[in-house]
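Breakdown of the fold
Listed below are the residues making up each chain.
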Amino acid sequence: MAKIVLFGAPGAGKGTLAGKITKFSDIVHVSTGDLFRANLKNKTPIGMKAKEYMDNGELVPDSVVIGMVKKRFKEDDVKENGFLLDGFPRTVEQAKALDEVADLDAVAYIKIDKDVLEKRITGRRSCTECGAIYNIYNEELTPEEEGKCDKCDGDLMQRDDDTKETFEKRYQTYVDQSEPVIEYYREKNPDLIVELDGSRTMAYTEEELKELLPL
Ligand code: AP5
Ligand code: MG
């Protein structure tokens, strides 16, 4: 039962890689961004509170995110199959809170240059039903029918925070508040960190991923 953090800038490919891994592993994909979007869809108090931060490219306050993740960790699937944490921790405070509840096996650090990220973000389309991720600027990643999910026929949409302006803010938030998280792990235990090439998130094979990560 592995406990893995997927770490990387907005658009680095965390969700895409998680989608690849969960095809061959029972490990549970826990994305804090997806949890907030599900809360927002259901108009819960957490969702309504998170929306203003997300739309501004800022982080939702630590206390809200940490509480949400701790609650998710109490569910049976995570207890039985471990987790692939996507988008958490994003502050050193969150990393410390995670240390209190879990012994990590790896931190997968997806590295990528900023200049390719904007096109990935503005071209992304996500399925409103199953969350599958597409990209209209990449032939390999376009859906067969425009606006429809190949997997479940759900409608595809563009996230509210996937504009050029909000991307710039999200990226700056990442540099200011999230990059220190990698330094935190480097100081704590550098052996935890596995560097992955963000330009290859689609290309990694199952064998390669199993070799690199404790899956
Ligand atoms: P979140 O949903 O986590 O957004 P993010 O970190 O900005 O990351 P993204 O989902 O944009 O990128 P990704 O790395 O998953 O990339 P993807 O695989 O989709 O968070 C949203 C907001 O929620 C935050 O701004 C914050 O407000 C709040 N929040 C969430 N967690 C929080 C926390 N812990 N604390 C506080 N606030 C929190 O790929 C991107 C695109 O590129 C896709 O279209 C994909 O098809 C394409 N692509 C992927 N790989 C490749 C490739 N190799 N080549 C070409 N295209 C590719
Ligand atoms: Mg994502």
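In what follows, the accompanying structure is described.

Rules behind the numbers
- Residues numbered from 1 in each chain as written.
- Chains lettered and ligands numbered in written order.
- Predicted model: local features only at pLDDT ≥ 70, side-chain atom pairs only at ≥ 80, totals over all residues.
- Axes fitted to C-alpha atoms, helices over the stretch in contact; angles between N-to-C directions.
- Helix = DSSP H or I, 4+ residues; strand = E, 2+ residues; numbered from the N terminus.
- Parallel < 35°, antiparallel > 145°, perpendicular 65-115°, else oblique.
- Left-handed = near helix turned anticlockwise from the far one by under 90°.
- Contact = placed C-beta atoms within 7 Å.
- Nonpolar A, V, L, I, M, F, W, Y, C, P; charged D, E, K, R; others polar.
- Pairing = 2+ DSSP bridges.
- Expected span 1.5 Å × (residues − 1).
- Near = placed C-beta within 6 Å.
- Buried ≥ 20, exposed ≤ 12 C-beta atoms within 10 Å, placed from the backbone.
- Core = buried A, V, L, I, M, F, W, Y, C linked by C-beta atoms within 7 Å.

Interaxial distance between helix α4 (residues 62-73) and helix α6 (residues 92-101) falls to 10 Å at its minimum, and their mutual angle equals 25°. By the criterion of interaxial angle, the relationship of α4 to α6 is roughly parallel. Every pair of crossing elements has a handedness; the one defined by α4 and α6 is right-handed. Residues Asp62, Val65, Ile66, Lys70 and Phe73 of α4 lie in contact with α6, whose contacting residues are Glu93, Gln94, Ala97 and Val101. Looking at the contact of α4 with α6, its residues break down into five nonpolar, one polar and three charged.

Our next topic: the sheet that holds strand β8 (residues 193-197). Pairing within the open sheet is parallel, and its five strands lie in the order β2-β3-β1-β4-β8. Where the open sheet ends on each side, the last strands, each with one partner, are β2 (28-31) and β8. On average, each strand axis in the sheet is inclined to that of its neighbour by 25°, with strand direction left out of account. Looking at chain direction, strand β1 (residues 3-8) and strand β4 (residues 106-111) are connected through five bridges and run parallel. In the sheet register, Val5 faces β4, and the bridge partner there is Val107.

On to α4. Taking 1.5 Å of rise per residue, 12 residues should cover 16 Å, and α4 covers 16 Å from first to last C-alpha, within 8% of that figure. On its buried face, α4 sits against α2 (32-41) and α6.

A word on the sheet that holds strand β6 (residues 133-135). Read across the open sheet, the three strands follow the order β6-β5-β7; overall the sheet is antiparallel. Of all the strands in the sheet, the pair left with one neighbour each is β6 and β7 (156-157). Examined bridge by bridge, strand β5 (residues 124-127) and β7 share two bridges and lie antiparallel to one another. The partner of Ser126 across the bridge, within β7, is Met157.

In this section: the site of ligand 1. In the neighbourhood of ligand 1, 37 residues make up the surrounding shell, with Pro10, Thr16, Gly33, Gly87 and Arg124 lying closest. Listing elements by their share of the shell around ligand 1, those giving two or more residues are α1 (14-24), α2, α3 (45-55), α7 (117-123) and β6. Among the residues making up the shell around ligand 1, the classes are represented as 14 nonpolar, 15 polar and eight charged.

Next up on the list: the environment of Asp115. On the secondary structure map, Asp115 appears in the loop between β4 and α7. Between the C-alpha atom of Asp115 and that of Glu146, which follows or precedes it by 31 residues, the distance is 26 Å.

This brings us to the environment of Thr22. For Thr22, the position within the fold is in helix α1. We classify Thr22 as partly exposed; it has 14 C-beta atoms within 10 Å. Sequence separation between Thr22 and Pro89 is 67 residues, and the spatial gap between their C-alpha atoms is 20 Å. With residues up to four places along the chain from it excluded, the contact list for Thr22 reads Ile27 and His29.

A few words on the nonpolar core. Ranked by size, the top nonpolar core spans 35 residues in total, and within it Ile4, Leu6, Phe7, Leu84, Leu85, Ala108 and Ile110 carry the most contacts. Top contributing element to this core by residue count: β4, with five residues. In this structure Phe7 touches Val107, Ala108, Tyr109, Ile110, Val181 and Ile182, once residues within four positions along its chain are discounted.

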